[in-house]
Structure formats: structure tokens, C-alpha cells
Amino acid sequence: MSVTTGMRLRPDDDAVEFAGAVRELLDRACDGEALRAAWDSDDGRVPGLWKRLAEVGVTGLTVAEAHGGAGMDLTAALPVLVAGGRAALPEPVVETLAGAQLLERAGGDLAAQWLPRVVDGGAVLALGPGPTGVVSAAEHADLLLLSDEAGAVYAVESGAAHLTRLPSVDTGMRLATVEWSPADAVGRLDGVDGPAVFDWAAVAVAAQLVGLAEAMLDMAVAYAKTREQFGVAIGSFQAVKHQLADAYVATSFARPVVARAAWSVARDLPSRSRDASHAKHSASVAATRVARTALQVHGGIGYTFEHDLHVWLKRTWTLSALWGNAQWHRDRVARSLLADRVAPRVP
């Protein structure tokens, strides 16, 4: 991994403090009972939470100040995204913020019309590849940002597209296929870099996966301290200690990889796509490993809907698959490294 001069992977104190306030809000609003109720609801969301997130500034986190947002880059936004993962937040934060990135890059009337609405919580965005691609949060979206086969991006209002809901193990993450036509679009987003926004979203989801891993590890450690077998806490058993230690190491290794990728994406470095894929792969592998460990430590009780771990497990499996699964991103990193090795050297 190349090192960029002046690289700073730790967010500044203001960003960390803001994330702490968001985490307090989510601790109150997204406990296990609220999340299970959301899963059983018609839309999979916590009532009123989106508006509260908008009021504290989450929906405008990375939107430019000219449109009323906070203007944070992805590096500064990471702590909030991690907090969302820790809470298994069932709200389309990544989809909306990634869509806002596309609108900002395009500029013009669409950006001026929609970005202030995103900031105040009055609009949800979603984006997806291809005319019939799978789109997360499509049924919540007021505006869909969709790419045609040639890679051109169009803005389609929700009423002009036909959605077909897809089954998901995580009913807090709504997935759908979208059928649409460029003729139904309210505008075309010219001059946008679709791959750059894909990388942005992949790193944002990786941050959520880190938060999920942290939360599940906390659950497993707490349970290991209180659950007794043969008259002692199961956390005293060497096999349990080793599993928890390995889960901790995997999470600790993924965290700086995600931070490095956020730096690359925020500054559009040449290694941006490779770093983003490295982050999504590392976070997916780490969170999946922690999920398996937490489930084993709980003795399988996490499979039951009544236990909080159930929600975090399924969110982990869903986010690990969205925006490219671990194998897809691993292959992307490999292709990038091979391309660098075979590139002709400049004398």
C-alpha cells in the first residue's frame, strides 16, 4: 500500500463529537425492540427517525454548504456511518448520501431542486446500475438515479418507475428491481463519474459493516461474561477466548483499511477504486467472521427473532452482499494489482 504524504486517517474532534451525539440518538431510537417492530412494519423503518436524523444533520452530512449541508468529506463522515452500523440503522442513509454525491457532481437545476430537500429530510434518494438492476431502498426513494447500459445517469421520480420488490433475509433493507425508460426521466446527469460514486458508497457500507462487527463483538463478550457452564462463565474457556480474540483482530484490521479508503475516495487518488474494494472486502470478511463467532458464543440463540443478535446478523449478511460482495471486491483488487505490475515503466 502506498502512503500519501500528509495522510490523516483519524477524523477531527468535531466529527468525532458529532458522531457521539448521533450514536446517543440511535441508542435511544434503535434498540432491539424498535428494530424488530420496524422489521414487522410495512416499510421496515423506525417511525419519525428519518426526520430526527435530518434535524441533527445526518441527511446533509456530506452535502455542500451551498445547498445547506455540512460539507463533510467521507473521512469526516466515517464515525457517523460506523455509528449507523452499530445501531443496525434501518434508514437509507448511504443510498441518499451517495445519490447526493451524484447530484452535486452534476450540478444544475436538479441539484438545486433536490439537495435542499435531502438536507431537511424531505427527500430520499436511491441509485442503481442498469435499467433493470437491483436497487436498495428504491421503495423509499422520491428520486431514483439510474444508469443505462451505456453508463449515462438519469434522474427518475418514483412514480415514473415500476418497482418489483425482491425477497431479503433482512426486512429492514428493502430491495427491488426497477424498470424504467430514459424517456420517463426528469433529467440526465451529465459529467458525473459513476464509478467514483460507487466507490464512495462501497466505503460507506464498509464503515457500517465495521460498526456492525463492533456491536456484535460487544454482545458476544457481554454474553460470555454472564453465561455460565459447569459453574463458571463461558468466557473463561480458552476456546471462547480465542474466538473472541480472533474476531477482535479482524475488526481492528478492517477499521484502518476503511479509513485509508475513505481518504483515497475523498481526494480521488489514483488508488481510489482499489482502496475502496480493499475496504469493502476487509469489512465484509471481518463482520461475517464476528457474526459467526457471536452466534457460536450465544449457542445459536441469535437465530431467534426475539434475540437482538438476530437483527445484527441479518444486516451483516445483507450489507456484505450489497455494493459488491467480498469475492467481487477481492477480484477487483487483484486485477488492479496485476495491471500495475504489467504496466510499462517510463524510462
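In this text the structure is predicted, and so the values were computed from the model without any measurement. (Residues numbered from 1 in each chain as written. Predicted model: local features only at pLDDT ≥ 70, side-chain atom pairs only at ≥ 80, totals over all residues. Heavy atoms only, no water.)

### Topic: the sheet that holds strand β5 (residues 162-166)
Right, so step 1: With antiparallel pairing, the three strands of this open sheet are ordered in space as β2-β6-β5. Across the chains shown, the open sheet's two edge strands, defined by having one partner strand only, are β2 (134-136) and β5. Geometrically, the sheet is characterised by an average inter-axis angle of 40° between neighbouring strands, direction not taken into account.
Right, so step 2: With five bridges connecting them, β5 and strand β6 (residues 175-179) associate as antiparallel partners. Pairing of histidine 162 across the sheet is with glutamate 179, part of β6. (Pairing = 2+ DSSP bridges. Helix = DSSP H or I, 4+ residues; strand = E, 2+ residues; numbered from the N terminus. Axes fitted to C-alpha atoms, helices over the stretch in contact; angles between N-to-C directions.)

### Topic: the packing of aromatic side chains
Right, so step 1: For the structure shown, the criterion picks out four aromatic pairs.
Right, so step 2: Relative to phenylalanine 305, the ring of tryptophan 39 has its centre 6.2 Å away and its plane inclined at 40°; by these criteria the two rings are tilted. Highlighted residues: tryptophan 39 in helix α2 (residues 32-40) and phenylalanine 305 in the loop between α9 (272-297) and α10 (308-321), separated in sequence by 266 residues.
Right, so step 3: Classification of tryptophan 39 as buried rests on a relative accessible area of 7%.
Right, so step 4: When the ring of phenylalanine 198 is compared with that of tryptophan 323, the centres are 6.0 Å apart and the planes differ by 50°; the resulting orientation is tilted. (Phe/Tyr/Trp six-rings, centres within 6.5 Å; stacked < 30°, edge-to-face > 60°. Buried < 20%, exposed > 50% of the residue type's maximum accessible area, 1.4 Å probe, protein only.)

### Regarding the environment of threonine 293
Right, so step 1: Looking at where threonine 293 falls in the secondary structure, it is placed in helix α9.
Right, so step 2: Classification of threonine 293 as buried rests on a relative accessible area of 6%.
Right, so step 3: Taking the C-alpha atoms as reference points, threonine 293 and valine 205, separated by 88 residues in sequence, lie 21 Å from one another.
Right, so step 4: Residues in contact with threonine 293, not counting those within four places in the same chain, are Gln243, Leu244 and Ala247. (Contact = heavy atoms within 4.5 Å.)

### A look at the pairing of β6
Right, so step 1: Counted residue by residue, β6 has four buried out of five residues, so it is predominantly covered.
Right, so step 2: One ladder, built from three bridges, connects β2 with β6; its direction is antiparallel. Residue pairing across strands places valine 134 opposite threonine 177, the latter belonging to β6.

### Some details on the sheet that holds strand β1 (residues 125-128)
Right, so step 1: The mixed open sheet is built from four strands, whose spatial order is β1-β3-β4-β7. Two strands lie at the open edges of the sheet, namely β1 and β7 (187-189), each paired on one side alone. Each strand axis lies, on average, 25° off the axis of its neighbour in the sheet, ignoring direction.
Right, so step 2: For strand β4 (residues 153-157) and β7, the ladder comprises three bridges, and the chain directions are antiparallel. Following the sheet pairing, alanine 155 is matched in β7 by glycine 187.

### A look at the packing of helix α5 (residues 93-106) against helix α7 (residues 194-226)
Right, so step 1: Where α5 meets α7, the closest approach of the two axes is 10 Å, and the angle between their N-to-C directions is 155°. By the angle between their axes, α5 is roughly antiparallel relative to α7. For the pair α5 and α7, the sense of crossing is right-handed. Every residue of α7 that contacts α5 at Val94, Leu97, Ala98, Gln101, Leu102 and Arg105 is listed here: Ala196, Val197, Trp200, Ala201, Ala204, Val205 and Gln208.
Right, so step 2: Considered class by class, the residues forming the contact of α5 with α7 number 10 nonpolar, two polar and one charged. (Parallel < 35°, antiparallel > 145°, perpendicular 65-115°, else oblique. Left-handed = near helix turned anticlockwise from the far one by under 90°. Nonpolar A, V, L, I, M, F, W, Y, C, P; charged D, E, K, R; others polar.)

### Some remarks on the environment of alanine 160
Right, so step 1: For alanine 160, the location among the structural elements is in the loop between β4 and β5.
Right, so step 2: The class of alanine 160 is partly exposed, set by a relative accessible area of 31%.
Right, so step 3: The spacing of alanine 160 and glutamate 179 is 19 residues in sequence and 9.3 Å in space, taken between C-alpha atoms.

### Thoughts on unusual backbone geometry
Right, so step 1: In the Ramachandran plot, alanine 137 falls in the positive-phi region, its phi being about 65° despite a non-glycine side chain.
Right, so step 2: Looking at the secondary structure, you find alanine 137 in the loop between β2 and β3 (143-147).
Right, so step 3: Classification of alanine 137 as buried rests on a relative accessible area of 5%.
Right, so step 4: If you check the backbone angles, aspartate 268 has positive phi at about 50° while not being a glycine.
Right, so step 5: Judged by relative accessible area, aspartate 268 falls into the partly exposed class, the value being 47%.

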